[in-house]
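Observations on the three-dimensional arrangement
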Amino acid sequence: MSRPPLHDVAHLGYVELLTPEFDKSLWFFTDVLGLTVVSAEGNSAYLRTWDDYERHTLKLTGHATSGIARVAMRAESPEALERRVKAVEASGRGIGWKDGDPGIGPTYAFHDPDGHVMELYYETQWYADSRPAELAPALKNQAQAYPARGVSVRNLDHVNYLAVESAQCGDFMVDQLGARITEQIQLDTGRVSAVWTHFAQKSYDVVYTDDWTGTAGRLHHIAFRTDTREDILRAADIALEAGVFIETGPHKHAIQQTFFLYLYEPGGNRIELCNPVGRLIFAPDWKTITWTQAERAKGQAWGLKTIESFHTHGTPPVG
């Protein structure tokens, strides 16, 4: 039985994604996925989904290669932030405090065991306090007017890292950040090759899967949630018309039961559009679900067989 999450980390805040094709990637996130540009600074643009309450959801940065620069998570309170910082510092993986991005207060940076950069913060600017009048919604309990552009993804959902040792990273998420492992894959050798972790009632927030190349610090995908499963079917048509590469889907995962579509944005990063159909975890005594190697080999709950690139493609590319 896995212990309940500590709830010191409230949720994923935002992701900084790297792209060697900045203009094309910006087009993808705005015109195809429907994100809104909040501001630009240097070689970066800050974008948001229409129902994330914070100022931005994604920092897109032009770079020599693709991949993920960092993931930022908001703490539950100033006290929770201090507790998690002390836990990370005790692990020896801390980088230190820094000024936050626009709209973000003091931020503590650190590495996970695989070398991915993560950040913790509490102080944040609510988008509703600064949004332009033309983006005001009809409903006051919504952060922004529905964009009705492209897929119009609603929220940032999760991040799936590649890692040399997924189990070690999962332990770090549990011990230092207070997460809980909801599901995992265990090979016949006993090795845990993938872990799904969560902070609150959503079934997963940060995922680690073993990198077949043995390379540290890479990304499998970032995922955005749609309102409905039908939105994902519509997204496939939108991607087709826009000339966006569809890797696989729409299908339904067996693990976590997510309905999905995987695309490659022009910079080469894999993007998942997902809908978990309202699946939440309420049980304080939730027992980690372990999938065997044979069960995982069966592939999806339904849909086509998992294609080879799903297990081999990651960013930045290697070899």
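A brief look at the structure comes next. (Residues numbered from 1 in each chain as written. Predicted model: local features only at pLDDT ≥ 70, side-chain atom pairs only at ≥ 80, totals over all residues. Heavy atoms only, no water.)

Observations regarding the sheet that holds strand β12 (residues 206-210)
Remark on secondary structure: sheet strands pair via backbone hydrogen bonds, oriented parallel or antiparallel. Read from one edge of the open sheet, nine strands run β14-β15-β16-β13-β9-β12-β11-β10-β17, paired in mixed fashion. Taken across any chain shown, the strands that pair with only one partner, and hence form the sheet edges, are β14 (245-252) and β17 (289-292). Each strand axis lies, on average, 15 degrees off the axis of its neighbour in the sheet, ignoring direction. Sheet topology note: the strand β10 (residues 180-186)/strand β11 (residues 192-198) ladder contains six bridges and is antiparallel. (Pairing = 2+ DSSP bridges. Helix = DSSP H or I, 4+ residues; strand = E, 2+ residues; numbered from the N terminus. Axes fitted to C-alpha atoms, helices over the stretch in contact; angles between N-to-C directions.)

Description of helix α4 (residues 229-242)
The first and last C-alpha atoms of α4 sit 20 Å apart over 14 residues, in line with the 20 Å expected at 1.5 Å per residue. Turning to α4, its buried residues number three or more, namely Asp231, Ile232, Ala235, Ala236 and Ala239. All buried residues of α4 project into a common sector of 155 degrees when viewed along the axis, lining one side. Opposite the buried face of α4, by more than 90 degrees, sit the exposed residues Glu230, Leu240 and Glu241. Its side-chain oxygen 3.3 Å from the backbone nitrogen of Glu230, Thr228 forms the N-cap of α4. The first or second residue beyond α4 is Gly243, which carries a positive phi of 75 degrees. (Expected span 1.5 Å × (residues − 1). Buried < 20%, exposed > 50% of the residue type's maximum accessible area, 1.4 Å probe, protein only. Arc of directions from axis to C-beta. Polar contact = N/O pair within 3.5 Å; in protein donor to acceptor, adjacent residues only side chain to side chain.)

Let's talk about the nonpolar core
Within soluble globular proteins, side chains that are nonpolar generally end up buried alongside one another. One finds Phe29, Leu33, Met73, Leu177, Ile222, Phe224 and Leu273 to be the most contacted residues of the largest nonpolar core, which totals 56 residues. In contact with Leu273, not counting residues within four places along its chain, are Leu33, Val151, Val153, Phe224, Ile232, Ala235, Phe259, Phe260, Leu261 and Leu263. Grouped together as the second largest cluster of nonpolar side chains are six residues, Ile185, Trp196, Tyr204 and Val207 included. (Core = buried A, V, L, I, M, F, W, Y, C linked by side-chain atoms within 4.5 Å. Contact = heavy atoms within 4.5 Å.)

With respect to the environment of Ile246
Summarising the element assignment, Ile246 is placed in strand β14. Along the chain, Ile246 and Ala236 lie ten residues apart, while their C-alpha atoms are 7.5 Å from each other. Ignoring any residue separated from it by four or fewer positions in sequence, one finds Ile246 in contact with Ala236, Ala239, Leu240, Leu261, Tyr262 and Leu263.

Regarding the pattern of salt bridges
Per the stated rule, a full pass over the model turns up 16 salt bridges. Across the pair Asp227 and Arg154 runs a salt bridge, and its minimum N-O distance is 2.6 Å. Of the two residues, Asp227 is situated in the loop between β13 (219-225) and α4 and Arg154 in the loop between β8 (117-121) and β9 (155-163); the sequence distance between them amounts to 73 residues. Asp205 is the salt-bridge partner of Lys202, the closest N and O atoms lying 3.1 Å from each other. Note on Lys202: relative accessible area 26%, which makes it partly exposed. Judged by relative accessible area, which is 4%, Asp205 ranks as buried. One continuous salt-bridge network, built from bridges that share partners, spans Glu16, Lys59, Arg70, Lys98, Asp101 and Glu119. (Salt bridge = Lys/Arg side-chain N within 4 Å of Asp/Glu carboxyl O.)

Some remarks on unusual backbone geometry
Note that the residue after Gly249, namely Pro250, is joined by a cis bond; omega there is 5 degrees. Here Pro250 lies in strand β14. One non-glycine residue with positive phi stands out, namely His7, at about 65 degrees. Turning to its location among the elements, His7 is positioned in the segment before β1 (9-19). Backbone geometry at Ala148 places phi at a positive 50 degrees, although glycine is not the residue there.

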